[in-house]
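Read off the chains here:
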Amino acid sequence: ATFHGRVLDAMPTNYVNFKGAADLRMRLICATLGGRALRIDDIRVNDQNPGVRDYEASLLRLLDKLTNGMKVEINETGTTLKYKPGIVTGGRRISHDCGTARAIGYFLEVVIPICLFAKKPVDLTLTGITNDETDVSVDTIRTVTLPMIKRQFGVDDGLALTIIKRGVAPGGGGEINIKLPIAKELKNVDWTDEGMVKRVRGVAFTLRVSPQTGNRLVDASRGVLNDFLPDVYIFTDHHPGDAKNGQRNKTSPGFGLSLVAETTSGCLLSVDCASTSGSAAKEAGHSIWQVDENSGSSSDEDSDDYSQESGSDDDEEEEEDDEGSDEDEEMEEEDDDEEKDEEEMDSDEDDPAAAEEAERERRREEKEKRREHRAEFKARVERAKGGVMVPEDLGKTITEALVAEIARGGVCDSTHQPLVLLLMAIGPDMLTKARLGPLTARAIQTLRIIKDVLGVTFNLEEQPQTSTVMCMTVGAGIKNIARRAT
């Protein structure tokens, strides 16, 4: 630019600096909504394959389709990324191939909060993996994420997700369509009543395996849930594959389960997981070595995974074995104590009453149940170590995870904590508060990113009575100028 015959240098860009590849998605979301430029250095510099991953580059290409004026600079080694956000335009008839390295849920967690502030409503079609064991499934987004945004944050005008085809790793082949309206601003949140669980709903899907596999998942899940409440209904969704289009051999087999617990106050808690390629191949009736090696599979490298903090997998397995042996010893000691109590009872009273006999019978039954549960848990751990998990094990594992999520407390599950904190931070400049369970590592890192990029801080108050955390903040007051106020 020139001014009175002098050449003026361009204004320097004020970057928000980060290091490492952790939580790249949340950094991009906050930078796009806040209009801040990012510079990320040292992206996997100590890894054997340093730099930006293919699925992260695919995410940047998707953002480029949804925005106008976005600029991205990546150095030759891929270890430094500069990101300048553009204007979120949105639009219809947008399609994107998410690949097979990460599931569609990985991309939707970025698209949903950003496109709420677009210039035009979004009609987006994504293809790839719909369910896997790493990312949130499209079933959870359809049954939990979107209803939560509708009910709690005031976005309820054409918000919908349709599952057209399912796809699992490593082949993919799934397809979904999501419609996102635009919002003027988000609603003020006062979300503290978590309520009591009144019903559980779920979906058990099967793809290119026997339809009976879905019934086995349902029976295993109901075997755990029926001890707590009677209102449990799990749908089965069977997909034979794309045999009509001549692509049956290209669709990978798989099965999975998604569970949602609804409380009396309208809160939704979810857990989901899908089978690994080894488990699906076993159920499909062929060897796992028949899977196409060139099709690729999900790598264990995750931009949102804190691998340095969690330690190695071998250490975790050893800890699980140690914990299991400790539990066995404790249970055996309890059984021995109960046997001693029974012997003392028999010796003290020559003619025991019927009530005492019933009590001894009850103790014997409880001891037998604990032994069966102990043997079942050991067998499940051994099968999981071999990379193969049968539908019964998968159903029980997911159901027990849902019970653990309910025990954690809070108005949302641990998976949705970062999204709730983000929507509170970009909400109106009024006091908002929400009661969450114990904060996860991702939620804590989200709080730090929100503070660095948006300048919003949270006040956290621990509630010892309920083991929850009360999160309070004043939002940044982000508004969508493209939508008229009505």
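Here we summarise the structure given alongside this text. These figures come from a predicted structure and were not determined experimentally. (Residues numbered from 1 in each chain as written. Predicted model: local features only at pLDDT ≥ 70, side-chain atom pairs only at ≥ 80, totals over all residues. Heavy atoms only, no water.)

## Details of the overall build of the chain
Counting its regular elements, the chain contains twelve helices and 20 strands. Out of the 486 residues in the chain, the part that is buried amounts to 45%. By sequence separation, contacts in the chain at least 24 residues apart represent 73% of the contacts at least 6 residues apart. With the model as given, the accessible surface of the chain reaches about 24,700 Å², and the carbon-plus-sulfur share is 46%. (Helix = DSSP H or I, 4+ residues; strand = E, 2+ residues; numbered from the N terminus. Buried < 20%, exposed > 50% of the residue type's maximum accessible area, 1.4 Å probe, protein only. Contact = heavy atoms within 4.5 Å. Areas by Shrake-Rupley, 256 points an atom, 1.4 Å probe, with all protein chains shown as cover.)

## Focus on the nonpolar core
Ranked by size, the top nonpolar core spans 82 residues in total, and within it L108, I426 and F458 carry the most contacts. The element that contributes the greatest number of residues to this core is helix 3 (residues 104–115), accounting for nine residues. Those residues in contact with F458 that lie beyond four places of it in its chain are L421, M424, A425, L447, I450, C471, M472 and T473. In this structure, V218, L225, L229 and L259 belong to the second largest nonpolar core, which totals 17 residues. (Core = buried A, V, L, I, M, F, W, Y, C linked by side-chain atoms within 4.5 Å.)

## Some points on unusual backbone geometry
A cis amide bond, omega 0°, links A169 with the succeeding residue P170. A positive phi angle, close to 55°, is found at D42, a residue other than glycine. Tracing the sequence through the fold places D42 in the loop between strand 4 (37–41) and helix 2 (54–66). Here D42 falls in the partly exposed class, since its relative accessible area comes to 36%. Not every positive phi belongs to a glycine, and S467 is a case in point at roughly 60°. By the secondary structure assignment, S467 is in the loop between strand 19 (459–463) and strand 20 (468–474).

## Some remarks on the side chain of T140
With respect to the element layout, T140 can be found in helix 4 (residues 138–153). Overall, the relative accessible area of 1% leaves T140 in the buried class. If we skip the residues at most four places from it in the chain, T140 touches T145, S258, S270, D272 and H416.

## A look at helix 1 (residues 24–34)
The element helix 1 is largely enclosed, with a buried count of ten among its eleven residues. Taken as a whole, helix 1 has its buried residues at L24, R25, M26, R27, L28, I29, C30, A31, T32 and L33. Once helix 1 ends, the next one or two residues include G35, with phi positive near 70°.

## Some points on empty space enclosed by the protein
Sizing a probe to match a water molecule and rolling it over the atoms shows the empty space that remains. Tallied over the full model, the rule gives four cavities of 30 Å³ or more. As a volume, the largest cavity reaches approximately 210 Å³. What lines the largest cavity is a set of 17 residues, among which E109, T415, P418, L419 and R442 lie closest to the centre. Secondary structure elements with two or more residues in the lining of the largest cavity: helix 1, helix 3, helix 4 and helix 11 (417–425). No other element matches the five residues that helix 3 contributes to the lining of the largest cavity. (1 Å grid on protein atoms, 1.4 Å probe; cavity = no way out; pocket = protein on both sides within 12 Å on 5 of 7 lines; lining within 4 Å. Points joined across faces, edges and corners; volume = space filled by probe spheres on them.)

## Some points on the environment of C267
With respect to the element layout, C267 can be found in the loop between strand 16 (254–263) and strand 17 (268–274). On the basis of relative accessible area, C267 is assigned to the buried category, the value being 1%. For the pair C267 and P147, spaced 120 residues apart in the sequence, the C-alpha separation amounts to 9.7 Å. The contacts of C267, once residues within four sequence positions are left out, are W191, D193, E194, A261, E262 and V411.

## Here we look at the packing of helix 1 against helix 12 (residues 441–453)
Their axes nearest at 10 Å, the elements helix 1 and helix 12 cross at an angle of 30°. What the angle tells us is that helix 1 and helix 12 run roughly parallel. Along this stretch, helix 1 crosses helix 12, giving a crossing that reads as right-handed. The residues of helix 12 that touch helix 1, namely those facing R25, M26, R27, C30 and A31, are R442, Q445, T446, I449, I450 and V453. Of the residues belonging to the contact of helix 1 with helix 12, the class tally is six nonpolar, two polar and three charged. (Axes fitted to C-alpha atoms, helices over the stretch in contact; angles between N-to-C directions. Parallel < 35°, antiparallel > 145°, perpendicular 65-115°, else oblique. Left-handed = near helix turned anticlockwise from the far one by under 90°. Nonpolar A, V, L, I, M, F, W, Y, C, P; charged D, E, K, R; others polar.)

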